[in-house]
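A closer look at the structure
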Amino acid sequence: MKQALREAEKAVAEDEVPVGAVVVHDGKVIGRGYNQIEKLQDPTAHAEMIALTAAANHLESRRLEDCTMYVTLEPCPMCAGALVLARIPTLVFAAFDPKAGACGTLMNIPQDKRLNHTVNVISGICDRESEELLKGFFGRIRSLRTRTD
């Protein structure tokens, strides 16, 4: 999770929402990503999507059956669905997302038994560190908006 937090710090440096993700296979990081939505002007450029793509490219397979994803914020519905499609067996995330979380908060896509694959979900790992990054980022944005209003 510490490496995912470092990815989230990269997002902060680029004025992106601080979310970072890594995919681990056999004890090695094979995919990493951080939010790049604004930079790429791509609504799908979430940290998880970038890390999944990198991991799939590394393994030359869309199936990431022996991998674990670590992400600093609970995945949204798009990313949670991608985890299911990638056949990731385990997701570890830090902070819950009360506005878009799809891994237990608003819904639970990874553990929906109606789908063809389910994901073991572990939450709350390094949640304080992730929450601090998020609060700091959004606090800066609010203060900038207040100054320009």
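For the rest of this paragraph, the subject is unusual backbone geometry. A positive phi angle, close to 50°, is found at Asp 26, a residue other than glycine. Locating Asp 26 in the fold gives a position in the loop between strand E1 (20-25) and strand E2 (28-34). Backbone geometry places Cys 126, a non-glycine residue, at a positive phi of 60°. Position of Cys 126 relative to the elements: it lies in the loop between strand E5 (120-123) and helix H5 (127-148). Residue class for Cys 126 comes out buried when judged on its relative accessible area of 17%.

Before going further, it helps to spend a moment on the packing of aromatic side chains. All told, the structure shown has two aromatic pairs when counted by the stated rule. With a centroid separation of 5.1 Å and 85° between ring planes, the pair formed by Phe 93 and Phe 96 is classed as edge-to-face. When its relative accessible area of 45% is taken as the criterion, Phe 96 is described as partly exposed. Plain terms: the ring middles of Phe 137 and Phe 138 are 5.1 Å apart, the flat faces sit at 80° to each other, and that makes the pair edge-to-face.

Here Val 24 shows up in strand E1. Between the C-alpha atom of Val 24 and that of Gly 139, which follows or precedes it by 115 residues, the distance is 32 Å. Those residues in contact with Val 24 that sit more than four places away from it in its chain are Val 29, Asp 66, Cys 67, Thr 68 and Tyr 70.

Moving on, we get to the environment of Lys 28. Looking at the secondary structure, you find Lys 28 in strand E2. A relative accessible area of 60% means that Lys 28 is categorised as exposed. Residues Lys 28 and Cys 67, 39 residues apart in the sequence, show an inter-C-alpha distance of 9.6 Å.

Now for the sheet that holds strand E4 (residues 90-95). The mixed open sheet is built from five strands, whose spatial order is E2-E1-E3-E4-E5. If you trace the sheet from one side to the other, it starts and ends with E2 and E5, each paired once. On average, each strand axis in the sheet is inclined to that of its neighbour by 15°, with strand direction left out of account. Here five bridges tie E1 to strand E3 (residues 67-73), and the two strands are oriented antiparallel to one another.

Calculation notes
- Residues numbered from 1 in each chain as written.
- Predicted model: local features only at pLDDT ≥ 70, side-chain atom pairs only at ≥ 80, totals over all residues.
- Heavy atoms only, no water.
- Helix = DSSP H or I, 4+ residues; strand = E, 2+ residues; numbered from the N terminus.
- Buried < 20%, exposed > 50% of the residue type's maximum accessible area, 1.4 Å probe, protein only.
- Phe/Tyr/Trp six-rings, centres within 6.5 Å; stacked < 30°, edge-to-face > 60°.
- Contact = heavy atoms within 4.5 Å.
- Pairing = 2+ DSSP bridges.
- Axes fitted to C-alpha atoms, helices over the stretch in contact; angles between N-to-C directions.

The values reported here are purely geometric and, on their own, carry no functional implication.
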